[in-house]
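Take a look at the letters that make up each chain.
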Amino acid sequence: MNKIYLASDHGGLGLKMKIIEYLKEADIKIEDLGTNSSDSVDYPDFAHKLCKKVLRNKSSQGILFCGTGLGMSIAANRYKGIRAALCHDHFTAAMSKKHNDSNVLCIGGRTTGEETAKDIVKTWLESTFEEGRHTRRLGKIEI
Ligand code: RB5
């Protein structure tokens, strides 16, 4: 599996650390782009950092965490070429890959429990884009 970048603000830090542990146990190559302390930080700084890395390394993917996942997903989707999906469960994680070819996953540290987050991450990493009509639809997103 190709490299997974992870980043969070203070609201997503705890859950990010649990997911990093989970990915390391699964032998998945990761890079943590911060934050690494519980001090309050601004989530867009970390969304920018991660999106630039994902765009530079085409085969990589990213996972962003903030309190709700909302701010991170809004910031990440400003980048052409980034398709960031805020997922809350198994179904949204699978569909965000199958139909939307998401390359960045967003999870809320204050909205999503550890076991659900692990299931979301596993499902997201294992799911693949179905192409076909979904490729046409993705093509219509860019304006
Ligand atoms: C930080 O308090 C919080 O606003 C942030 O983590 C995130 O939820 C924003 O969308």
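In this report, the structure presented in the accompanying data block is examined. Within every chain, residues take consecutive numbers counted from 1 along the sequence as written. Local features in this predicted model are restricted to residues of pLDDT 70 or higher, and side-chain atom pairs are both shown and tallied only at a pLDDT of 80 or more, whereas totals for entire chains, interfaces and linings draw on every residue. Side-chain numbers here rest on the full set of heavy atoms in the structure, without hydrogens or water.

**A look at the site of the ligand**
The environment of the ligand is made up of D9, H10, Y43, C66, G67, T68, G71 and R110. Here a polar contact means two N or O atoms within 3.5 Å. Within protein one must be a hydrogen donor candidate and the other an acceptor candidate, and residues neighboring in sequence count only if both atoms are side-chain atoms. Between the ligand and the protein, one listed contact pairs an oxygen atom with a backbone N or O atom of G67 at 2.7 Å. G71 is positioned with one of its backbone polar atoms (N or O) 2.9 Å from an oxygen atom of the ligand. The Shrake-Rupley method, run with a 1.4 Å probe sphere, supplies the accessible areas, and residue values consider only the shown protein chains as cover. Taken by itself the ligand offers 290 Å² of open surface, and the protein chains cover 70% of this. Only Asp, Glu, Lys and Arg are considered charged, only Ala, Val, Leu, Ile, Met, Phe, Trp, Tyr, Cys and Pro nonpolar, and every remaining residue, Gly among them, polar. Considering only residue class, the shell around the ligand consists of two nonpolar, four polar and two charged. The nearness test applies per residue and asks whether one of its heavy atoms lies within 4 Å of the molecule or strand.

**Section: the sheet that holds strand β5 (residues 104–108)**
Strand pairing follows a simple DSSP-based rule, namely that at least 2 bridges must link the two strands. Working definition: helices are DSSP H or I runs of at least four residues, strands are E runs of at least two. Numbering for both runs from the N terminus. The strand order β2-β1-β3-β5-β4 describes an open sheet built from five strands, whose pairing is parallel. Every interior strand has two partners, whereas the edge strands, β2 (30–32) and β4 (84–86), have only one. Strand after strand, the sheet turns through a mean of 20° between neighbouring axes, direction not considered. Pairing of strand β1 (residues 4–8) with β2, which is carried by three bridges, proceeds in the parallel orientation. Throughout, an axis means a line fitted to C-alpha atoms (over the contacting stretch in the case of helices), and angles, computed between N-to-C directions, take values from 0 to 180 degrees.

None of the figures reported here should be taken as evidence of function without further support.
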